[in-house]
2 protein chains.
Amino acid sequence: MEKKYIYKRVTLNDVAAEAGVSAITVSRTIRAPTMVSAGVRKKVQAAIDLLGYVPDQAASALASERTNVVGLLVPSLANSVFSDVLRGVYDVIEGSGLSVQIGNFRYSPSKEENLLRTFLRQRPAGLIVAGIDQTEAAHALLKSAPCPVVQIMDVSDAPIDLMIGFSHYDGAVEGTQHLIEEGYERPGFLGARMDPRSQARLAGFTAEAQARGVYDPNRVITTTHPSSVGIGGQLLSDLLAQAPDTDAVFCNNDDLAAGALFEAERRGINVPRDLGICGFNDLEMSRHLNPAITSVATPRYEVGAGAMTLLRDAIADRAAIGTPQIRLGVQLMKRGSTKRG
Amino acid sequence: MEKKYIYKRVTLNDVAAEAGVSAITVSRTIRAPTMVSAGVRKKVQAAIDLLGYVPDQAASALASERTNVVGLLVPSLANSVFSDVLRGVYDVIEGSGLSVQIGNFRYSPSKEENLLRTFLRQRPAGLIVAGIDQTEAAHALLKSAPCPVVQIMDVSDAPIDLMIGFSHYDGAVEGTQHLIEEGYERPGFLGARMDPRSQARLAGFTAEAQARGVYDPNRVITTTHPSSVGIGGQLLSDLLAQAPDTDAVFCNNDDLAAGALFEAERRGINVPRDLGICGFNDLEMSRHLNPAITSVATPRYEVGAGAMTLLRDAIADRAAIGTPQIRLGVQLMKRGSTKRG
DNA sequence: CTGTTAGCGCCTTCAA
DNA sequence: TTGAAGGCGCTAACAG
């Protein structure tokens, strides 16, 4: 690395000298323009443009005890759900002057706690955390955090602060209901990873199947492995080995659903005639499969964008009017034909 | 937000007092342990653990003119390629004390330049940038950046600094060659987005098809829309409308390939007998489709992990031994049966 | 509305 | 190997 270029750093004082005012006035012009008279503001702005001044975030953070960094705590970077959320976050953050720092806690509650502690030491402007199932310690840390906190991807009656998500339980109920109403009588459940939100989906499936009198624990197949198309095929195989007369599956997500569909194809099982499949998330792929599969559409992008919007407003002290807990809906995308249709 | 908890910030001085040494000694214990005697080191470490000291990054950055932030510039957050790279980056960064700041320049060279300028002002510890096709200005900025720079996802003879990627051109040549060797005689190309790396794949396809005497510009269908499964189907439709006797397609990526496969199914076209399909990237899904499709596997995770490793070592001044330009291979994953097989 | 003063927590430089 | 002094660039708290 023989690259060595000295950036002639332009500071507040340089701008102040150029504009003929004091440094603090320049600072205010940037942070709170309304506190500065229009004439001065114009002069300062001209000096800023002329010199190409860019504020030093480190100095600002040190002096003000606050950063412009939003911490984003996610359990995994491997799944497509997260990338949609991230996209929403970044779309909203654009031009806000905020930046994101991602922490991947790998589904480990203790790692989540540690990341949280580290983040909090850096005086984040805000925090976005996935889920509502933090440890007691993490919950306490978040509760007393000196910045707004948004819980995402789920809903609960006891939010820490802000919240935006949807009900995994309700989504699973809807999907299961759909299968039953389409005429399937022996629905099963395929689940991988089985994190708390997957558990909620299983609970929704179970409740609905029981309510309809079609629940059979032998038709519930789960694994703690991460989800994948391949695993979906395997789980279906396991299910059919264990309960061959199963005529429908509610899948924890669309990767599993696609895998189940491909496996059914391979086995010559007619979908949807002999096997109904309902997925979860409604990935783009799902509506192009043959047959396209029904799926519960989840507002992943909206969760990311909404979380960042809540945070941006809270940071700007324009706390959202009304309840800052947003429950987004899920939408059943019906695609499979009716059973034996 | 009535949450107001004052963190009793633990500083270097607190640790110093606890350990009975001066603040600077604590600082050195953390940054350069070898400069401190073993006995003192142990005492200081004990004090750090006892008080739960976490260094203040802002103060550190201000005083030292350097941060522990690595800037990561990507053209998009929407595609799955990026999430694999990100996963690699985060796996390696763990425990290094570095953190990542993502900049999404949305395939806009001017936005890339601006992000670069903003990043550089914040004294990044390093920079990872996607591609080799920066504007002249961006190239100059990177060339003179006061930190290591890694270009990723592509290879070239004129790296700015460090580099890790693979040849999109060669990958496309391999895929095209495969189709031809399997007996297909009228191969086409489907491409979306058509960013520089997509263009390189098209160039590879074109060169190989021409070399084999089977190139026909009417069989090249591209769009600047983002890639998706749906677009893959559309592109195949367009191709077949324009050149109905096309008997194979090399697809710019696996999303398009899956879409093409589904569209072929819908039209009753037998794959692979009447239409050969080769994708690019080898997403997990591709080996579970029916029929599974051949794809050019790209080391996306390895690029992310490798880039972060190069950077980590360069930052620690243990510059990699030998060439810091790494060309990773791609691997053709043959899955379709032979034509008319 | 504008300026002065002081200091955020750490690291660089120099001295011991 | 350890310490003392000073300042990085900015902003909080006052004053005018």
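Heads up: the structure comes first, above all this text.
Keep in mind that this is a model prediction, so the values were computed, not measured.

Asks: With reference to specific residues and values, describe the protein's contact with DNA strand D.
Replies: With respect to spatial proximity, 26 residues lie near DNA strand D, and among them Leu12(A), Ser27(A), Tyr53(A), Thr25(B) and Arg28(B) are the closest. For DNA strand D, the backbone makes up 70% of the atoms found within 4 Å of the protein, where backbone means sugar plus phosphate. With respect to DNA strand D, the side chain of Ser22(B) contributes an N or O atom lying 2.9 Å from a phosphate oxygen. Residue Ala63(B) places a main-chain N or O atom 3.5 Å away from a base oxygen belonging to DNA strand D. Every element with two or more residues in the surface near DNA strand D is listed here: α2 (23-31) and α4 (57-64) of chain A together with α2 (23-31) and α4 (57-64) of chain B.

Asks: Can you break down unusual backbone geometry residue by residue, with the values?
Replies: Among all residues except glycine, the phi angle is most often negative; among peptide bonds, the trans geometry is most common. Residue and element names in this part refer to chain A. The step from Val271 to Pro272 runs through a cis peptide bond, and the omega angle for that step is 15 degrees. Along the chain, the position of Pro272 falls in the loop between α11 (254-266) and β9 (276-281). With a phi close to 110 degrees, Asn281 is a non-glycine residue in the positive phi region. Along the chain, Asn281 falls in strand β9. Classification of Asn281 by relative accessible area gives buried; the value is 7%. Unusually for a residue other than glycine, Asp282 sits at a positive phi of about 55 degrees. Among the residues examined, Asp282 registers a relative accessible area of 11% and is labelled buried.

Asks: Break down the interface of chain B and chain A for me, citing the residues and quoting the values.
Replies: With 59 residues of chain B at the contact, the number on the chain A side is 57 residues. Buried surface at the junction of chain B and chain A, both sides included, amounts to about 5,200 Å², of which 51% is carbon and sulfur. In this structure, the connection of chain B to chain A is made through eight salt bridges. In this structure, Glu94(B) engages Lys111(A) in a salt bridge whose closest nitrogen and oxygen atoms are separated by 2.8 Å. At the junction of chain B with chain A, the criterion picks out 28 residue pairs in polar contact (both at pLDDT 80 or more). For the side of chain B that touches chain A, the elements supplying multiple residues, two or more each, are α4, α5 (80-93), β2 (99-104), α6 (109-121), α7 (136-143), α10 (229-242) and α11 (254-266) of chain B. Ranked by residue count, the leading element in the side of chain B that touches chain A is α5(B), at six residues. When grouped by side-chain class, the residues that make up the side of chain B that touches chain A number 31 nonpolar, 11 polar and 17 charged.

Asks: An account of the packing of aromatic side chains is needed here, citing residue identities and associated values.
Replies: This model, assessed by the stated rule, comprises six aromatic pairs over all chains. Between Phe189(A) and Phe250(A), the aromatic rings sit 6.1 Å apart at their centres with planes inclined by 35 degrees, giving tilted as the arrangement. With Phe189(A) in strand β6 (residues 187-191) and Phe250(A) in strand β8 (residues 248-251), this residue pair connects regions lying 61 residues apart in the sequence. Note on Phe189(A): relative accessible area 0%, which makes it buried. On the basis of an interplanar angle of 80 degrees and a centroid distance of 6.3 Å, the ring pair of Phe250(B) and Phe280(B) is categorised as edge-to-face. Taken together, the residues Phe250(B) in strand β8 (residues 248-251) and Phe280(B) in strand β9 (residues 276-281) connect sequence positions 30 residues apart. Phe280(B) shares its class with Phe250(B); the two are buried. One aromatic cluster is present, built from ring pairs that chain together Phe189(A), Phe205(A), Phe250(A) and Phe280(A).

Asks: Lay out helix α3 (residues 38-51) of chain A with the relevant residues and their values.
Replies: Residues and elements named next belong to chain A. Between its first and last C-alpha atoms α3 spans 20 Å; for 14 residues at 1.5 Å apiece the expected length is 20 Å, and the two agree. Burial in α3 covers these residues: Val44, Ala47 and Ile48. Across the axial projection of α3, the buried residues extend over an arc of 100 degrees, all falling on one side. Opposite the buried face of α3, at more than 90 degrees from it, the exposed residues are Ala38, Lys42, Asp49 and Leu50. Those residues of α3 hidden inside the fold are in contact with α1 (12-19) and α2. Immediately downstream of α3, the backbone of Gly52 shows phi near 65 degrees, a positive value.

Asks: Before we move on, can you summarise the protein's contact with DNA strand C with the specific residues and values?
Replies: Close contacts around DNA strand C come from 27 residues, with Thr25(A), Arg28(A), Leu12(B), Ser27(B) and Tyr53(B) the closest. When atoms of DNA strand C within 4 Å of the protein are sorted by moiety, sugar and phosphate together comprise 67%. A distance of 2.3 Å is found between a phosphate oxygen of DNA strand C and a side-chain nitrogen or oxygen belonging to Ser27(B). With respect to DNA strand C, the side chain of Arg31(B) contributes an N or O atom lying 3.2 Å from a phosphate oxygen. Going through the elements one at a time, α2 and α4 of chain A together with α2 and α4 of chain B are the ones with two or more residues in the surface near DNA strand C. By residue number, the principal contributor to the surface near DNA strand C is α4(B), which donates five residues.

The rules behind each value
- Residues numbered from 1 in each chain as written.
- Chains lettered and ligands numbered in written order.
- Predicted model: local features only at pLDDT ≥ 70, side-chain atom pairs only at ≥ 80, totals over all residues.
- Heavy atoms only, no water.
- Near = heavy atom within 4 Å.
- Polar contact = N/O pair within 3.5 Å; in protein donor to acceptor, adjacent residues only side chain to side chain.
- Helix = DSSP H or I, 4+ residues; strand = E, 2+ residues; numbered from the N terminus.
- Buried < 20%, exposed > 50% of the residue type's maximum accessible area, 1.4 Å probe, protein only.
- Contact = heavy atoms within 4.5 Å.
- Buried area = accessible area lost by both parts, 1.4 Å probe.
- Salt bridge = Lys/Arg side-chain N within 4 Å of Asp/Glu carboxyl O.
- Nonpolar A, V, L, I, M, F, W, Y, C, P; charged D, E, K, R; others polar.
- Phe/Tyr/Trp six-rings, centres within 6.5 Å; stacked < 30°, edge-to-face > 60°.
- Expected span 1.5 Å × (residues − 1).
- Arc of directions from axis to C-beta.

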